[in-house]
Each structure stands twice: as C-alpha cells, then as structure tokens.
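Geometric and topological summary
Each chain, letter by letter, is given below.
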Amino acid sequence: MAVISIERMGLLSVFCVCLFFSSAFAVDRGNFKTCDQSSFCKRQRALKPGQSPYRALLETLELSDSRLTLQLINDNNKVHLLLELYRLQGNMTRVKINELKPLKPRFEVPDVLIAEPPTEPLSVLSKDDNGIVLSLGAESQRLIVSARPFRLDIMEGPEVLLSLNSRGLLAFEHLHLRKDTQAQPDGAEVKESVDGDQQQDEVEKDEDGEGDKEQDGLWEETFKSHTDTKPNGPTSISLDFSLPGVEHVYGIPEHADDLKLKTTDGGDPYRLYNLDVFQYELYNPMALYGSIPVMLAHNTQRTMGIFWLNAAETWVDISSNTAGKTVFGKMLDFVQGSSEKPQTDIRWISESGIIDVFIMLGPKPSDVFSQYASLTGTQSFPPLASLGYHQCRWNYNDQEDVKSVDQGFDQHDIPYDFIWLDIEHADGKRYFTWDPHKFSQPKEMLQGLMDKRRKMVAIVDPHIKVDSGYKIHSEITSKDFYVKNKDGRNYEGWCWPGNSGYPDFTIPEMRAWWASMFAYDQYEGSMENLFTWNDMNEPSVFNGPEVTMHKDALHGKWEHREIHNIYGLYVQMATAEGQIQRSGGVERPFVLTRAFFAGSQRFGAVWTGDNAAEWGHLKISIPMCLSLGLVGVSFCGADIGGFFKNPSTELLVRWYQTGAYQPFFRAHAHLDTTRREPWLFGPENTALIREVIRQRYALLPYWYQLFFQAYRTGMPVMRPLWVDYPKDTVTFTIDDEFLIGSDLLVHPITEEGSRGVTAYLPGAGEVWYDVHTFQKHNGAQNLYIPVTLSSIPVFQRGGSIIPRKDRVRRSSACMENDPYTLYVALSPKKFARGKLYIDDGHSFNYDTKKEFIHRSLTFANNALTSSNLCPDCNFLTSSWIEKVLILGASKPSKVVLKMDGKETPVDFEFDSSMSVLTLRKPGMNAGDDWTLLLQ
Amino acid sequence: MTCVHLLLTLVFAVSLGTPVEIQRPRGVPLTSIQFYVENKPFTCLDGSRTISFDRVNDDYCDCKDGSDEPGTAACPNGSFHCTNAGYRPMFIPSSRINDGICDCCDTTDEYNSGAKCENTCKELGRKEREVLQKMAEITKEGFLLKQHLIEEAKKGQQEKQSKVTDMQGNKKQLDEKVEVLRTVKETAEQPEKEAKERHLKAWEEQKAAIRLEKDKAKMAEAFLELDDNADGFVSVSELQSHAELDADADGTLTETEAQGLMGGAEQVDTSTFESVWPNIKDKYHSEVSREEADMSCLVSSEVPFGQKVFFLEKTVVKLSAQKARDDFEEAEKALREMDDQIRNIEKELSFDFGPDAEFTYLYSQCYELTTGEYIYRLCPFNRVSQKPKYGGSETNLGTWGSWSGPENNKYLLMKYDHGTGCWQGPNRSTTVKLTCGKETVVTSTSEPSRCEYLIEFTTPAVCQEPANTDLSPHDHEEL
C-alpha cells in the first residue's frame, strides 16, 4: 500500500503528511519525471535518426568458436567501443557493446541469467571491406555486420528479420573526467541535443567554459527538491532496432496500458523504473512498480523477442510506419501494391551500464517463451495452496479478527487457503515481529489456521526501522549491510516505520543473512504455514526523489542508479531462499512481490500494486497480467475489489468473477475502506461470490498442471489469444479476453450494468463448449453472449481434456485425496487431449525425488486412454476418477473400462440435447494406466 | 477408491441405560431414517429420481439434492448429520466429511481421512452446560434486576408523566399570570409612555418655533443685505446681484426671472418680502455665513434641556412601571423554564426505552472503558466519544441514531452515527452490541472497519426471562 492515513500515522513527519495529502485522489504526475525531466532521456531523445557516426573496424575482428569481437569507432570523438556477438543455443543472438577501454568498469547486471548462456559456433560466410556475413546455423539465417556506418541485420533467406542501428541511434556516453578546471579555447556554442558522441562532447566542452554545465544535467541533476550528484557524469546508452513486417509489439511491463504497445511519437516513451506510484492512472506509459525489459514482436509469420539486460532507468520508444495510417490507407497500399512494408522501430535508452541484448528469434511464440526461459529461468512452481483463494486486507486488526474472518468463511461455506496480514501486524512496523497486544500469540493463531489446513501470509518489507532496540536493525548495522548514501554513511529514508534503513540486497552475504532470519528460531512466532509478502521493494522511500532511493546512494562500489530496477528482485530472492532454508530445502516457498525485474518469475508471485475500486482498473488487470505472462511472470493477479476506495457490489462481484480466472487470486483493500469480506453484501451476492470461488477450486488441478508446464517450459499460464492462434490477426489486439493454458477461454465482464458481451472464439474449424451449459459454438466467430450478474463467459476448447475436482472443500489441502472428474471436450474430429499432474502439492520432492504423476489423457477412436508421461516417476495418490464427461459425444451402446488386462462395464448416461456423455464412477486410480472404450 | 461404508451400526446409551441398536446409513438423522430402507430402491428426497439402494452412500452423487450421499462428500450440496452424543447433534456440509478436520465432536465425520480425532462431545457438553449454567445464573439475576429496572422506569415514567401533567397545569396558571402581569406592566407603562410622547411633542414644537424664529431673523437679515441702497425696498436689480437664485441654472439671474421670484413686483418692502422669502431662501447665499453654526449651536444647547425635562418626568412614572416590568419578566422567565422542563421530560418520554422501558435507566448516564490508547465513553441515547488517554482532543464517534438490532429484537443493537468525519472516509459511527449481564458495563471496543466502531455493552435490561429451569438442552430424540 502506498497511502497514509493521516490520522493513523502519528509517527510520520509533517513532511510526509503534506506529500500525501497533496495527492489524495489521483496520481500526482508532478512527483514523477517525464522524459524531458530525466536529462539523459532528453539528451538521447533529441538525437534524431540519421547517419550513425559509428564504424566497424573489420580488421579488429576476432572470432573464436562461439564469440565474435569487433571494435567500433565513433568517427566524431574517436572513442572505441567493443562489440561482442554470440550465437546462443536455441536460436538466439546476444549483442554486447561496451567501451573498449572504459575509465572504470561499467556495470553489468548479475543474478538475472540463470547461467552463462550456452553458445553455438559462429562461422564467417563471407567478408569484404563493407562487412561480414555470419551464419546463424540452419534455416539460412545470417547475421550481417555492415562496417560503414555500423549496423547489424539478422536475415532469414531474403527477409530481414531485425536490424540494429539501422536508424543510427546507437549512442554511448563514454566515461570521462569532468573538465571543469580546463580552459575552453573555442567558446563553442551550446547545442541542445546529443548527436552521437560528437555533440555530447561538444556539450561537455560548452559546459566547461560557459557555466552551462548544469543546464543539461550532465554532472548534476535536480528534480523537485532532490539533487542527484552524478560523480560519473553522463553514462547513458541507446540503441535502435527495426522490425520489418511487424505491426504488433508487446511486453515491457509494468504499465497500466493495453496489451499491444502503442507508438510513443508525440508522447513520452514507455518508462521502466520501479516506482511506488500513488493511485496510478490508466493508459499511459508511466513507470510502475516493476520492470521487465523484454519486448515481443509478432506477426503471422514469426514471433521474436528483444531482451535488453539493463537495470538502470530505461525508456523505450516505439514508432511505426503504419501507426498513423487509417484502415483505408492500409487498404489502398494493399490494392496498389504499395512497396512500403509495415515496420516497427524500437529504441531503448538506459541511463548507464552497457548494451547487452538478447535477440530471441522464435519463430513460434512457444519458442520465444522457451528461449527467454532458458536465459532467466521459468516461473517457480508454486505450492498448490497458493493457487487457491487469498483473503487480504490492510489490516486484519488482531487475532480475534483473524479468527472471526476464518470462521466467516466456514459459516458461509466459502473455501479459502490464505489469510493475510498487512503492516499493522508487526510491532511498530518492525518486520519479523508481532504487535504485542493485537497479535500476542501468533503461534496460537497459526495453529488455529493449521487445524483448518489453512495458511497465512505476513508482510515483510525491506525498509528497516532505525531503532537500536530492534534486532534486525542492530544486526544489519553491525554487519554493515545497509545501503550507503553518497557520503558513505548509512542511507536513511522515511517509510512506514518512520526513519528507516534499506538493507543492501545486492550483497550475497546480506541476502544469506536475510534468508536466515526466516528460520523458525529467528522469526519468532512463525510456523510452517506462515508465508511472506514483500511490499514497498521498489524501494519505496517516502521522502526520496520520485518516492524512491537517491540514485547516488551506494551499493558497495556501484551507485543505486545502476541497480535500481533489480533491487526488488533481490528482496524476493532472499525471502524465498529463507523460506526454502527454514524447511531444510524441502518445502516450496510462497512469496509475493510488488517490485520485479527480469528473472523475478523464479521467486514467486507478483501483483499489480495499488489499484482502485473502479471498472477501468478491473479491465486493465487483464492486459497488465497478460503482458507479465508474455515475459515470464505467470503468477500474476490484481487486488480484487480494488485497493483504494469502496467498490460497488456489482463491481466486487465482477472482480471476483474475473480474478477467479486469473493466476493469483487475492482480494485486498485499503485501511480506509469499509469491510468487504465476501459475505457482507447480502445472501445473493455471497452466493455469487461463493460460486465463483468454488469454480476456481474445482479447476485447481488444471491450474496446477499449467503451472507445472510453465515451470518446465516457460509457457505462460494466462495468455493472449494470439499465442495459440498466431496466424489469426483478429487476435493480435484482443485484451478483454484471454486463454488459461490452451484450453479455457475467458471473457470476463468488466463493464458496469452489462447485459451482454461479444466474445471472439478463435480457430476456424474448431469448436468451443460453454463450461456452464456445455453448449457448443463454432470457432472463428464473434459470439454475442447475454449475461446476468451470475454469468462468467468461459469456454473449453474442443479437443481438450481438463481434469477437475468438483468436490470443493474449505481449502485446497482438504481436497488432496478427492477424486477427479475429467471434462473431455471433443473436437469436430472427435479427438481430445489433456494432461494430469499430481504431486504432494507443497514440497520439492517432485524435483528432487521425481515424486509426481504426470499423465497424458487422449481421446481418439472412441477410446479415452491415460498413459504415463513419466515412467520413472513415483508418486502414490489416493485420488481416483469418479466421473468422465464427454462433450460433443454420441451415444454408445456400451462403455468398457480396460485395465490390467481386465474389462469391466461402466455405467453411463447420455444427454442428447447437449450431446453430453457421462460415465458413472469408472473408479480407477488417477495414477493408473487405463482405457475407457465407447462401443 | 475410498472405502465406502454403506451402513453403520450405531450403539447408543439411552437415558434408561439400555443399549439400543439403530441401523441407518451414515450421516442420516433419525428423523429421515424412514426414507432410507435397506434393499429398497431409494428415491431422492426431492423426488427427482429413484436409484437402487446400493447407490446410497456409494461415494458418487446421483441425486441433484445430494440426498443419496448423506455419509460421503460426493455431493456438492449434501449435508451430514452427526449425533454427537453428550453434546448437541448437528448437520455439517458434506464437503467436511473426511477432509482431515474434525468437525463433529463424536469424530464421525472423519471415518476415512486418517485425521486423528478424539471424541470431545462429553467435554464439550460439560463445558456447554457450565457456560449455560453460568449464563442462566446471570440471566436469572439479570432478569431480576431488569424487573427492578422496569418497575423503576415505570415509576419514573409515571412520576414524570404526572410531573408533566402537573407542570402543564401550573403552566396554565403561569400563562395566565404572565398575561395579567403583561397587562399590569402595560398599564403601568402607560403614563411613562404618555410622558414620553408628550415631551417628544413639546420638544418638536419647541424645535419648530425656534426654527421659525431663525427663519424670520434670517429673512430680516437677507432683506437688509439685499436692500443695497437701504431704501427699505428690495428691488429687482438688487435681487439680480444674487446669481445663485438663478432658476434655469444658466448662470445668470435675468430681470424676468428676478421679477418672477418677486411675484411680478418691481420692488418689495419688508412685509411683502415675507412672501418672496420662501421662493429664494433655499438657494439664498448669505454674504456672511454664520447662521448654520448658530442654529446648530442653538439646537444642541436645547437638547439637554429637553432631555432633562423628560428624565425628570420619567423618574416619576418609573417607580410604578419598573416594578410591573420586573414582575412580568420574572413570570415570563418562570414560564420559559417550565416550558423547557416540560420539553425535556417530554423528550425523555418520547425515547424508545424498550418494550418495558427497561433501558430508561441508561438515559443521561455515561459509561467509560479505558483501552491501551483511548478512553471510550458511551452515553446511551446521546453520544459515543473517544479521547486519547494521554491528552488530546475528544473525537465524536457518533450521536444517537436508533435501535438497529435484527427484526426479532431490535433492542440488541444501538446505532450512533454522524460522528466526526474521517480523512478520505465516512463520518464515524458506532454500533453498540448489548448483551445480558448483571452489571452495566462497556466490556470491549473495537474498530472492525475503518471509522466504524463496535462497543460491547452488558446490561440487565436485555436479559431474557430464563427458560424453565432445565439446564440440559440435549434432550433430543437421539439420546
């Protein structure tokens, strides 16, 4: 949460009160920089496309098995850069550009790549004075290095897939000494923009003589009352990418914007800078809590990705030659055979570091996901319970309150798995402690939940109250683990507890120490059913520039400027590690984070931060989570009901209906809102909410299997339609509906007073079944669906098999041994396929001991067969198959179960109106081999 | 597949001490046993279909109403009956069967989950009886107290009622008295008034006479001034020398105009000047300007004189008028006070103090509870407030709104609203939950939702008449 209740925060200074009061009802844009107010962005953006001053020095080429190096020279300032090219396994190319001889090392982001990416040999196909042609292996893919000016083109056959520096926007502000003291003989005029390094140098010269040095914020920069001393001066970098034939680009979260990225001409670029934005606005490119510098480009032929590995403040410009064209204009081009091919141009600008880019060449969407996963890892496989429903509020007041909310769920027969405690649970916001009055017996409380097979999450934020009597603070102090300010003293800022220190999570020893604090004997009152939530880890500093840390604060020898966007990742990493360690490496962690970076998917779940109880915020939750899913973070959700303000009952119900079909399913509310537990809105609405939470629980086997798949392959759980229908251009801009896996299509109702929606069902020649009525609909159509308050349009794809547990209980753990019902939705060719995954739901034994069941379920030739996908796995389940529903079936005369060489008849019923065949209680164990024959 | 027990043999100890065996499917209450006849087709309780008896409790849901699976978790809407011998029988949702959590104190819900449940029914029953006994004692004593409260309230109410009636009688008299005194006062004030009027009139006359005299003097003076040649006549030409008398404001007083002013005469003597003077006196500028000062001097010197006359006169009449006035005011004040009293009592009588006025005693009382941070103060039928323990101003948590308990007994909750507004939030409000107790005490305060407070308050006034003596409520058919 980012808001302060004036009345509650007696501790806070008047300063904070003013800060927050002034921004009471909407984002105060003035608190956050525009590109114009961020000096490097302004300088870089002033540089327009044109001839690049860079030239490749082909004579410096060195080629080893896997790596090519080559020097570049800026003909204006004669500074040499070093270009490194790698061909990576799995159809990727890595491009690194750094100064050949930097004054001191430039920052390279650690801990994001899971390993040094394995390479494949590069070979020179041809070389002349103009450039080099390299082979990227099969498929006639080539990488062309042009020498003058320098540019890179990746080609497949005659087609250019992607070009770098084709617009000449490569710019590298090289490290140099400040020249204040030198006399300036020329008295050159001040120029307003950087033109490659040439103008940059001129700017520097100008500043030397004319006292203009602060004008461009090169060596110092002031925003509002905060001055950023920039001892290293200007260090920004920039590079352009051109994507011929591409009109749709996605990704680079986190922004409250549409799924398909917009062109940024005439506005600000998309900004990536982790910030605690109070009451964020929708549909703009402002930075939010997390940053993943990965963009996907898609057309009917190919999907590609660009991963810009840089943790400093970053801006991304997007332009397109077709963006301004009307549909008519495009038609005209088509009719007249206009030679102009659609093209999207991207430009990345970062404040410091080096250029380190991974180009993922696809070609299929699934290839890009696995390519990116091979670099930064996959979604951590969460404990099953964390896929259930989470009940959160700022704050559940005390143990009594927790107990009565817990009982409320049972009284109203609503399942839930986790109840959450926000910052008020701790003793004076000293995390790892409990309020001695309100939560005096935490273990008693946790045991009470454990008796119900439920769990709890308590918040642990990374700002540490400066208080010598507080163990966490005194240990961090004595171990010298705090972030330092520019003068080398401990950095302090205001946050919830008042004056706070910020542990330096970039230090591995600090992270190890932090992890050790989660041991049961360290974190007093904790038990194995207590999990963690990391909030405010952008980091949020109430009195800092843009409500975050000063860029000139120090993490060892590196400025905060260099690592800003990865700070939050480290917090979650250390916390998750702590949870793993406390169980001796046996139990899976569950940690929710607000700030994130590339790679954060390895550590847990993410939510979209402090949204509001408005229909627009419900709607935006879909593209926000879809964007995250495309770049690795599958475990995403939005605060149900909206964090700020009070939702109308209709909005709350609709939000539950939407959230139940999104990966992370948690209701949350601000301290100042009225209570909104599911049963507080009258029996009818309680019933509606109960129903949708039950739908979620029934589908947990499917969600769990999808998360297993995401963990294994990097495939997003919640995904845009185009991922599965990459050639259907209609799907490219759809972000009001989505797929869960490949087999469920959801079109949530996000409009107030809705009486009907039009859902697009993709797939020519395919069919979809309404999961509530089993009615069959054809694919490739816009289907109008009349709706009431109880409607949740969800469709199962014909050709799929979804296992469900229809016996919904009060928590997921209670459902462990329950039987499955298989929903077999037949394709027009009477075929269907699905998977079933079972393990203990909470430990790493699936990984360390291969203790899981993974089965393939196939319906073909009137036989449904379960076969083992992991013969060397071993896990025993007491779950069995209680029912099989075959949608789109015809009536058999007889159904037989074949198992262990024996055949037994199975009872069945056939509903001819909807063509649903129900097999009654076939009864086989879910882990067995079997075949059900329809005769 | 889970092991399924179709039938269950239950052994019960009944009050007579003879063991009786009752066979019935698991989870079925005795009241429904007739629907589950072994080896006879079973018809779902909603009548939707009939199935063979071996499908009852076979861990597969056949009936839409869940009635074929009273003892398994197969049906989403089923319910399971636990006998809970020693405690109270209950129904639980069938989703709680074999979910690893002990719901029935007799452990019957967890027959196949591996959950280690202990039969706690006896203990629960004992505790419940203890609690009920204690409650019953409290209720009993509380109810007695309540009777006193009711009596007192009735007495008080009657007293107040009769007081009001008395007062209304008295008020009538007082009303009359006030009217009489008003007449007396007005009569007494008559001479005073007349004297005042008389003197005012005399004063006006005096002023007019002085003004007339002044005018005459001024006229004579003007005549002398205008009669430049001192021939005892003012001529047209002499008048023309005073341009300010110009009638058409063109700056010059023509001969014709001057003649017009003089009524057509060529010249006038002092006596005929009297008829000319009114035509010119408003515009006429004296050559020596001192009359105004004289006049004002004269008038101001006259005032004290007139007043003095009046005061003298007044003191004479005052003696009688003032007393009448005082008497009247006193009576009127008494009347007002009585009105207030009547209104207050009527207001009090108008409050809904419960069906038997048992809450009357709370009126105009206040009850406090000190917590870690605050002192909470509940003044029933008035307001609720909160004050920081260590200094700071009081916050209004709501003023009396209404009884807001459930329909069957609205007197279990009080609602106070329109308290001090919350920052970015609603106005504070408080719900007071009343429970039966011997003492009238605020037992706890909380803020379940932001700016919505809950106060728990015990009072004998909500104690119900104790149920008839028997403290064991478990005499259900299954014991």
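Cut-offs and rules
- Residues numbered from 1 in each chain as written.
- Chains lettered and ligands numbered in written order.
- Predicted model: local features only at pLDDT ≥ 70, side-chain atom pairs only at ≥ 80, totals over all residues.
- Heavy atoms only, no water.
- Helix = DSSP H or I, 4+ residues; strand = E, 2+ residues; numbered from the N terminus.
- Buried < 20%, exposed > 50% of the residue type's maximum accessible area, 1.4 Å probe, protein only.
- Contact = heavy atoms within 4.5 Å.
- Areas by Shrake-Rupley, 256 points an atom, 1.4 Å probe, with all protein chains shown as cover.
- Buried area = accessible area lost by both parts, 1.4 Å probe.
- Salt bridge = Lys/Arg side-chain N within 4 Å of Asp/Glu carboxyl O.
- Polar contact = N/O pair within 3.5 Å; in protein donor to acceptor, adjacent residues only side chain to side chain.
- Pairing = 2+ DSSP bridges.
- 1 Å grid on protein atoms, 1.4 Å probe; cavity = no way out; pocket = protein on both sides within 12 Å on 5 of 7 lines; lining within 4 Å.
- Points joined across faces, edges and corners; volume = space filled by probe spheres on them.
- Nonpolar A, V, L, I, M, F, W, Y, C, P; charged D, E, K, R; others polar.
- UniProt positions renumbered as here; feature names shortened; annotations may be inferred.
- Axes fitted to C-alpha atoms, helices over the stretch in contact; angles between N-to-C directions.
- Parallel < 35°, antiparallel > 145°, perpendicular 65-115°, else oblique.
- Left-handed = near helix turned anticlockwise from the far one by under 90°.
- Phe/Tyr/Trp six-rings, centres within 6.5 Å; stacked < 30°, edge-to-face > 60°.
- Lys NZ or Arg CZ within 6 Å of the ring centre and 35° of its normal.
- Expected span 1.5 Å × (residues − 1).
- pLDDT = per-residue confidence, 0-100.
- Core = buried A, V, L, I, M, F, W, Y, C linked by side-chain atoms within 4.5 Å.

1. Considerations on the overall build of chain B
- Of the regular secondary structure elements, chain B holds 5 helices and 16 strands.
- Per-residue burial for chain B yields a buried fraction of 37% across its 479 residues.
- The contacts in chain B between residues at least 6 apart in sequence include a share of 45% that link residues at least 24 apart.
- A total accessible area of about 27200 Å² is found for chain B, and carbon and sulfur atoms account for 53% of it.

2. Considerations on the interface of chain A and chain B
- On the side of chain B, 31 residues touch chain A, which itself brings 36 residues to the contact.
- Taking both partners together, chain A and chain B bury about 3000 Å²; carbon and sulfur atoms supply 41% of that area.
- Across the chain A-chain B interface, the total number found is 8 salt bridges.
- The partner of Asp907(A) in a salt bridge is Arg55(B), with the nearest N and O atoms 2.3 Å apart.
- Connecting chain A to chain B are 15 residue pairs in polar contact (both at pLDDT 80 or more).
- Listing elements by their share of the side of chain A that touches chain B, those giving two or more residues are strand S48 (881–887), strand S51 (907–911) and strand S52 (916–920) of chain A.

3. Details of the sheet that holds strand S22 (residues 389–391) of chain A
Residue and element names in this part refer to chain A.
- The parallel open sheet is built from 8 strands, whose spatial order is S33-S32-S31-S28-S24-S23-S22-S34. With one partner strand each, in any of the chains shown, strand S33 (636–637) and strand S34 (665–667) form the two edges of the open sheet.
- For strand S23 (residues 418–421) and strand S24 (residues 455–459), the ladder comprises 4 bridges, and the chain directions are parallel. Counterpart to Phe-418 in the pairing with S24 is Lys-455.

4. Some thoughts on the layout of surface pockets
- Estimates place the volume of the second largest pocket at around 1300 Å³.
- Forming the boundary of the second largest pocket are 41 residues, of which Asp806(A), Tyr823(A), Lys883(A), Leu885(A) and Pro76(B) lie nearest the centre.
- When its residues are assigned to classes, the lining of the second largest pocket shows 19 nonpolar, 8 polar and 14 charged.

5. Concerning the UniProt feature "domain: Glycosyl hydrolase family 31 C-terminal" (unreviewed entry) in chain A
- Residues given the UniProt feature "domain: Glycosyl hydrolase family 31 C-terminal" (unreviewed entry) here are residues 714–802 of chain A.
- Annotation note: span residues 714–802 of chain A, helix share 4%, strand share 38%, distance between end C-alpha atoms 20 Å.

6. Structural notes on the sheet that holds strand S47 (residues 863–868) of chain A
Residues and elements named next belong to chain A.
- Sheet architecture is open: 11 strands sit in the order S50-S49-S53-S47-S46-S45-S43-S44-S48-S52-S51, paired in mixed fashion. If you trace the sheet from one side to the other, it starts and ends with strand S50 (902–905) and S51, each paired once. For this sheet, the mean angle separating the axes of adjacent strands, direction not counted, is 20°.
- Examined bridge by bridge, strand S43 (residues 800–804) and strand S45 (residues 832–838) share 2 bridges and lie parallel to one another. For Ser-800, the partnering residue across the bridge sits in S45 and is Arg-833.

7. Quick look at unusual backbone geometry
- The amide bond that connects Arg148(A) to the next residue, Pro149(A), takes the cis arrangement and shows omega of -5°.
- Relative to the helices and strands, Pro149(A) resides in the loop between strand S8 (141–146) and strand S9 (151–156).
- Note that the residue after Pro253(A), namely Glu254(A), is joined by a cis bond; omega there is 20°.
- Within the chain, Arg453(A) stands out as a residue other than glycine whose phi angle is a positive 60°.
- By relative accessible area, which is 24% here, Arg453(A) ends up partly exposed.
- The phi dihedral of Asp59(B) is positive, around 65°, even though this residue is not glycine.

8. A word on the packing of helix H9 (residues 508–516) of chain A against helix H11 (residues 567–582) of chain A
All names here are of chain A.
- Contact geometry of H9 with H11 gives a least axis separation of 7 Å together with a crossing angle of 45°. Relative to H11, the element H9 is oriented oblique. Helix-helix and strand crossings are classified by hand; for H9 and H11 the assignment is right-handed. For the pair H9 and H11, contact is made by Arg-511, Trp-514, Ala-515 and Ser-516 and by Tyr-570, Val-571, Met-573, Ala-574, Thr-575, Glu-577, Gly-578 and Gln-581, respectively.

9. Digging into the packing of aromatic side chains
Residue and element names in this part refer to chain A.
- Inspection of the entire model under this criterion finds 69 aromatic pairs over all chains.
- Arranged with centres 4.9 Å apart and planes meeting at 75°, the rings of Phe-505 and Trp-514 form a pair that is edge-to-face. Just as Phe-505 is buried, Trp-514 falls in that class too.
- An angle of 65° between the planes, with centres 6.2 Å apart, marks the rings of Trp-514 and Phe-518 as edge-to-face. For the pair Trp-514 and Phe-518, one class covers both residues: buried.
- Three or more aromatic residues link up through ring pairs in this structure, and these residues are Phe-418, Trp-420, Phe-531, Trp-533, Phe-590, Trp-607, Phe-635, Phe-664 and Phe-707.
- Here the basic side chain of Arg-94 rests over the ring of Tyr-86, its NZ or CZ set 5.8 Å away from the ring centre.

10. Some thoughts on the pattern of salt bridges
- Counting across every chain of the model gives 82 salt bridges over all chains.
- Residue Arg96(B) is joined to Asp413(A) by a salt bridge in which the shortest nitrogen-to-oxygen separation is 3.4 Å. Of the two residues, Arg96(B) is situated in the loop between strand S6 (90–93) and helix H1 (121–226) and Asp413(A) in the loop between helix H6 (399–411) and S23; the pairing between them involves two chains.
- The closest approach of N and O atoms between Asp58(B) and Arg920(A), which form a salt bridge, is 2.8 Å. Taken as a pair, Asp58(B) in the loop between strand S4 (50–51) and strand S5 (79–82) and Arg920(A) in strand S52 lie in two separate chains rather than in one. A single burial state applies to Asp58(B) and to Arg920(A), both of which are buried.

11. So, H11(A)
Residues and elements named next belong to chain A.
- Taking 1.5 Å per residue, 16 residues should reach 22 Å; H11 reaches 23 Å between its end C-alpha atoms and fits that length.
- The element H11 is largely enclosed, with a buried count of 14 among its 16 residues.
- Downstream of H11 by one or two residues, Gly-584 has phi in the positive range, about 70°.

12. Some words on the packing of H1(B) against helix H4 (residues 270–280) of chain B
Residues and elements named next belong to chain B.
- Relative to each other, H1 and H4 sit at 105°, their axes nearing to 10 Å. Considered as vectors, H1 and H4 are oriented roughly perpendicular to each other. Of the residues in H4, those touching H1 at Asp-215, Lys-218, Met-219, Ala-222, Phe-223 and Leu-226 are Thr-270, Phe-273, Glu-274, Trp-277 and Ile-280.
- Here the contact of H1 with H4 is built from residues that sort into 7 nonpolar, 1 polar and 3 charged.

13. Quick word on the confidence of the model for chain B
Residues and elements named next belong to chain B.
- Taken residue by residue, chain B gives an average pLDDT of 83. The fraction at 70 or more is 85%.
- Within the model, the stretch residues 1–19 combines pLDDT values under 50 with 43 contacts to residues more than four positions away or in other chains.
- In the predicted structure, residues 290–304 sits below a pLDDT of 50 and forms 14 contacts with residues beyond four places in sequence or in another chain.
- On the interface metric, ipTM, the complex scores 0.89, and its pTM is 0.83.

14. Examining the side chain of Ser146(A)
- Examined against the element boundaries, Ser146(A) turns out to sit in strand S8.
- Look past the residues within four positions of Ser146(A) in its chain and what remains in contact with it is Ala56(A), Asn130(A), Gly131(A), Arg151(A) and Asp153(A).

15. A closer look at the confidence of the model for chain A
- The predicted model of chain A has a mean per-residue pLDDT of 92, with 91% of residues at 70 or higher.
- Below pLDDT 50 for its whole length, residues 2–24 of chain A participates in 57 contacts with residues either more than four positions away or in separate chains.

16. Side note on the nonpolar core
Residue and element names in this part refer to chain A.
- Of all hydrophobic cores here, the largest spans 179 residues; its most connected members are Phe-307, Phe-432, Trp-514, Tyr-656, Tyr-661 and Ile-740.
- No other element matches the 9 residues that helix H12 (residues 615–630) contributes to this core.
- Dropping the residues within four chain positions of it, Phe-307 is found in contact with Val-112, Leu-113, Pro-293, Val-294, Asp-356, Val-357, Phe-358, Met-360, Tyr-372, Leu-375, Thr-376 and Ala-598.
- Leu-122, Ile-237, Leu-272 and Leu-361 belong to the second-largest nonpolar core, a separate cluster that totals 50 residues.

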